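# A look at the structure
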Amino acid sequence: MQDQENEILAPAEALVYPPDYIVNEAYINREIYAKMYRDSIENPEGFWHGIAEKELHWFEKWKDTFEWNYPDYKWFVGGKINITYNCLDRHIIAGHFHKCAYIYTNEASTEQRITYGELFDKVCRFSNGLLSLGINPGDRVGIYMPLCIEQIVAILGCARIGAVHSVIYAGFSAKALKLRLDDAKARVLVASTYTKRRGKMVDLKAIADEATEGLECMEHIIIHQREEPMLLDELEIDFDQFIATQSPVCEAIPFDSEHPLFILYTSGTTGKPKGVVHATAGYNLFTHYTTKIVFDLKTDDIFWCTADTGWITGHSYIVYGPLSNGATTLIYEGAPDFPDPASWWAVIEKYRVTKFYTAPTAVRLFMKYGDEWPAKYDLSSLKIIGSVGEPINPEAWHWYDKNIGRNNCAVVDTWWQTETGGHMIVTLPSLPQKPGRAGLPFLGIEAIVVNRQGTPVPPHTVGMLIIKKPWPSAFRTCFGEPERFQKYWNEIEGVYFAGDLATMDEDGYIMILGRSDDVLNVSGHRIGTAEVESALVSHPSVAEAAVIGKPHDIKGQSIKAFVILKQGIEKTEDLKKHINHQVKHELGAIGVPDEIEFVDKLPKTRSGKIMRRVLKAKEMGTEAGDTSTLED
Ligand code: PRX
């Protein structure tokens, strides 16, 4: 990727205009956006101050909107807030006790619904349960559960009493789970017994057991038993009993605006994941406002974000953003193409979903299955269809627009990251779209493309994507590793360094080209090459390993591993399977290489760093660029 820097790319294709009804309905149309954007950049503090007053409930008003003590920053300093009050109490007070908060469904078309009133009841009970265990504000609680209502109860139950949740994606292995729980020094783990994917049971309880074995920080394990109850051991608490025995009254505690809300681990360039920390008020405001504006959310919408709550997209656009807006959200547990490639389209038809948000990898998967699958279903309820997680190529964009949107929706691409908390670059639904370009900076966000020295590059020239100033939901630190946080603001002094390569066109539309560092994006999942490499070398036969991402027509990128075996070990296909198994055990299925090649040597710099770029060039049959530092 680094090789692309300074390259000049051809202009993208022509504008696509959203349907008139979308433009007429939108909170923000083109003219309003242009003026609002200008104002928001001239005076971001004034802009966010106004939005915060209008959109959220505060127990106490803040004194200073923004404080920047480079590189640290604070928003709404001195304010008191409780995010669950904004997500629950205020909707109930406004008379929406019986409004549906979530519709849950899955591969077997099982259905559960929960109203705002019922959710409030369960959350308060869960919070009281945590209090009864002696959990204090700031204590960490790990959550290892699939996408289900109980998971959302656990998340909100933590937030209500100021416990910091750390959700770990239920596809991670025991080792990966343990690493994260230990790093966060979690006192409690909430885990489900299992999830089902493609009809097959995934035993999460066994993974949780292995991960918590000998984990010193862990004091309590709450087990969410699905259907068949099992015998729990002494330390374990049954989720249903845990909440049934508690009072449904738990007042929302006012917390400082900057009180940490959650830690979410994400991949970086080293083997150790980073614990991205978000603060309450700024995150509440930004996810509330982007959900409202980007999806043009109205009271009768049925919103469906297909992400998993184990990732940031789920945190922001399944849990906090939609709830803060009082929306009805659909959640779906399972694989997108099971029992057949039309499962999702059947769900949209059945529940009359109006706003839909998914990843390009899913779109490309459905493209491959063929137009006939969505064609069988009535998708006329859809108004806005969104994309997130990786660049959406124009071909997939047009397929999505035509076959899912039926050319009667706005297609909204959204670029952002775990660290940014919410949408940074989007094409708002009322604005003309440019397929293949993520779009324009969101209100209050100054995103530009620069060279390594921080100077803006000319239109269509590849450079680094940066954000000029902190915004309300910018992450506050990396848990226990402030230096990793500081790096984002030091790489190019004074600005946020996103780590993505991009171009900007004459109209200010930004195209994201992918990462500039050693981070992979496989099916929208962020994976560090170093994480996979350390999982590979944990196999007793492996001496050294290097991993690259290769373009893949569905996943975006696939993982190729180059492996040097220890002396005397035979290179067999069977060994490749064993090595893959080891990676699955160390990291989880998402990190397993698609391809392993045994090699005798790896290209290295004279200082011993693996040159993945050289491996990639060789693999792709392209020029390797500057190889003057190559050792051999
Ligand atoms: O490379 C960008 C890509 O995903 C990275 C962030 O990954 P993560 O923190 O896991 O968050 C994913 C969901 C927000 C970015 O650095 N990315 C995300 N959205 C887009 C994207 N690349 C292109 N277009 C997008 N819309």
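Read on for a plain summary of the structure. (Residues numbered from 1 in each chain as written. Predicted model: local features only at pLDDT ≥ 70, side-chain atom pairs only at ≥ 80, totals over all residues. Heavy atoms only, no water.)

### Looking at the overall build of the protein chain
Looking only at helices and strands, the protein chain has 19 helices and 32 strands in total. Counting only residues that meet the buried cut, the protein chain has 62% of its 632 residues in that class. At a minimum sequence separation of 6, the contacts of the protein chain that also span at least 24 residues come to 72%. When the accessible area of the protein chain is evaluated, it comes to approximately 24200 Å², of which 52% is carbon and sulfur surface. (Helix = DSSP H or I, 4+ residues; strand = E, 2+ residues; numbered from the N terminus. Buried < 20%, exposed > 50% of the residue type's maximum accessible area, 1.4 Å probe, protein only. Contact = heavy atoms within 4.5 Å. Areas by Shrake-Rupley, 256 points an atom, 1.4 Å probe, with all protein chains shown as cover.)

### Describing helix α15 (residues 394–404)
Taken residue by residue, α15 has A396, W397, W399, Y400, D401, N403 and I404 as its buried positions. Of the residues one or two after α15, R406 is the one with positive phi, at around 50°.

### Some details on the layout of surface pockets
In this model, the second largest pocket occupies a volume close to 440 Å³. As for the second largest pocket, its lining consists of 20 residues, and the residues nearest its centre are T269, K274, K487, E491 and D517. Secondary-structure elements contributing two or more residues to the lining of the second largest pocket are α16 (482–490) and β26 (496–504). (1 Å grid on protein atoms, 1.4 Å probe; cavity = no way out; pocket = protein on both sides within 12 Å on 5 of 7 lines; lining within 4 Å. Points joined across faces, edges and corners; volume = space filled by probe spheres on them.)

### Let's talk about the site of the ligand
Taken together, 17 residues form the shell around the ligand, and within it T414, T418, D500, R515 and R526 come nearest. In the environment of the ligand, a nitrogen atom lies 2.9 Å from a nitrogen or oxygen atom belonging to the side chain of D413. One of the backbone N or O atoms of T414 is found 2.6 Å from a nitrogen atom in the ligand. Relative to its unbound accessible surface of 540 Å², the ligand loses 96% to contact with the protein. Put simply, the parts of the chain that give the shell around the ligand at least two residues each are α11 (312–324), β20 (410–415) and β27 (510–515). With three residues, β20 is the single largest residue contributor to the shell around the ligand. Grouping the amino acids of the shell around the ligand by side-chain chemistry returns six nonpolar, six polar and five charged. (Near = heavy atom within 4 Å. Polar contact = N/O pair within 3.5 Å; in protein donor to acceptor, adjacent residues only side chain to side chain. Nonpolar A, V, L, I, M, F, W, Y, C, P; charged D, E, K, R; others polar.)

### What about the pattern of salt bridges?
Inspection of every chain in the model, using the stated rule, returns 46 salt bridges. In this structure, E481 engages R484 in a salt bridge whose closest nitrogen and oxygen atoms are separated by 3.2 Å. Neither residue differs from the other here; E481 and R484 are each classed as buried. A salt bridge links K560 to E619; its shortest N-O distance comes to 3.0 Å. Placement of K560 in strand β31 (residues 556–565) and of E619 in helix α19 (residues 612–620) is noted, with a sequence separation of 59 residues between them. In the salt-bridge network here, residues are joined through shared partners; they are K550, K560, E595, E597 and E619. (Salt bridge = Lys/Arg side-chain N within 4 Å of Asp/Glu carboxyl O.)

### A few points about empty space enclosed by the protein
Here the structure, examined in full by the defined rule, presents two cavities of 30 Å³ or more. One number sums up the size of the largest cavity: a volume of about 40 Å³. Of the volumes computed, that of the second largest cavity is approximately 30 Å³. V167, I168, Y169, F172, R180, L264, Y265, G310 and W311 together form the lining of the second largest cavity.

### Things to note about the sheet that holds β26
Reading across from one edge, β23-β24-β26-β27 is the order of the four strands in this open sheet, with antiparallel pairing throughout. Unpaired on one side and paired on the other, β23 (447–450) and β27 mark the two borders of the sheet. Taking each pair of neighbouring strands and ignoring which way they run, the sheet shows an average axis angle of 45°. Sheet analysis places strand β24 (residues 463–467) next to β26, joined by four bridges and oriented antiparallel. Looking at β26, one finds that G463 is bridged to A502. (Pairing = 2+ DSSP bridges. Axes fitted to C-alpha atoms, helices over the stretch in contact; angles between N-to-C directions.)

### Structural notes on the nonpolar core
One finds W48, Y102, L119, F126, V190, Y320 and F442 to be the most contacted residues of the largest nonpolar core, which totals 113 residues. It is helix α6 (residues 149–160) that provides the largest number of residues to this core, a total of eight residues. Look past the residues within four positions of Y320 in its chain and what remains in contact with it is I83, C87, I155, L156, A159, H165, L261, F262, Y283, T287 and H315. In terms of nonpolar packing, the next biggest core, distinct from the first, is built from 41 residues, A170, L177, L181 and V563 among them. (Core = buried A, V, L, I, M, F, W, Y, C linked by side-chain atoms within 4.5 Å.)

### Quick look at the pairing of strand β6 (residues 140–144)
When you tally the buried positions in β6, you get five out of five residues, the bulk of the element. Judged by which residues are buried, β6 turns out to be covered on both faces: R140, G142 and Y144 on one side and V141 and I143 on the other are all buried. One ladder, built from four bridges, connects β6 with strand β7 (residues 164–167); its direction is parallel. The residue bridging G142 from the neighbouring strand is S166, located in β7. The parallel pair β6 and β7 is bridged by α6, and the resulting crossover is right-handed. Pairing analysis gives four bridges linking β6 to strand β8 (residues 188–192), with the strands arranged parallel. Along β8, the bridge assignment pairs G142 with L189. (Right-handed = clockwise from strand over helix to strand, strands pointing away.)

### Description of the pairing of strand β29 (residues 525–528)
On β29, burial covers both faces: H525 and I527 on one face and R526 and G528 on the other are all buried. Pairing geometry for strand β28 (residues 519–522) and β29, over four bridges, is antiparallel. Within β29, the position partnered with L520 by the bridge is I527. Between β28 and the antiparallel strand that follows it, β29, lie two residues; S523 among them carries a positive phi value of about 50°.

### What to know about the packing of aromatic side chains
Working definition: an aromatic ring pair is given by the centre-to-centre distance plus the angle between the planes. Tallied over the full model, the rule gives 44 aromatic pairs. Judged by centre distance (6.1 Å) and plane angle (70°), the rings of W68 and W489 are edge-to-face. Of the two residues, W68 is situated in strand β1 (residues 64–69) and W489 in helix α16; the sequence distance between them amounts to 421 residues. Of the residues examined, W68 reaches a relative accessible area of 32% and is grouped as partly exposed. Ring geometry for W75 against F76: centres 5.9 Å apart, planes inclined by 45°, an arrangement best described as tilted. Residue W75 shares its accessibility class with F76, and that shared class is buried. The ring of Y27 is capped by K292, whose NZ or CZ atom sits 5.2 Å from the centre of that ring. Geometry around Y27 places K298 over its ring, the cationic atom sitting 4.6 Å from the centre. (Phe/Tyr/Trp six-rings, centres within 6.5 Å; stacked < 30°, edge-to-face > 60°. Lys NZ or Arg CZ within 6 Å of the ring centre and 35° of its normal.)

Everything listed here is a matter of coordinates, which is why it stays silent on function.
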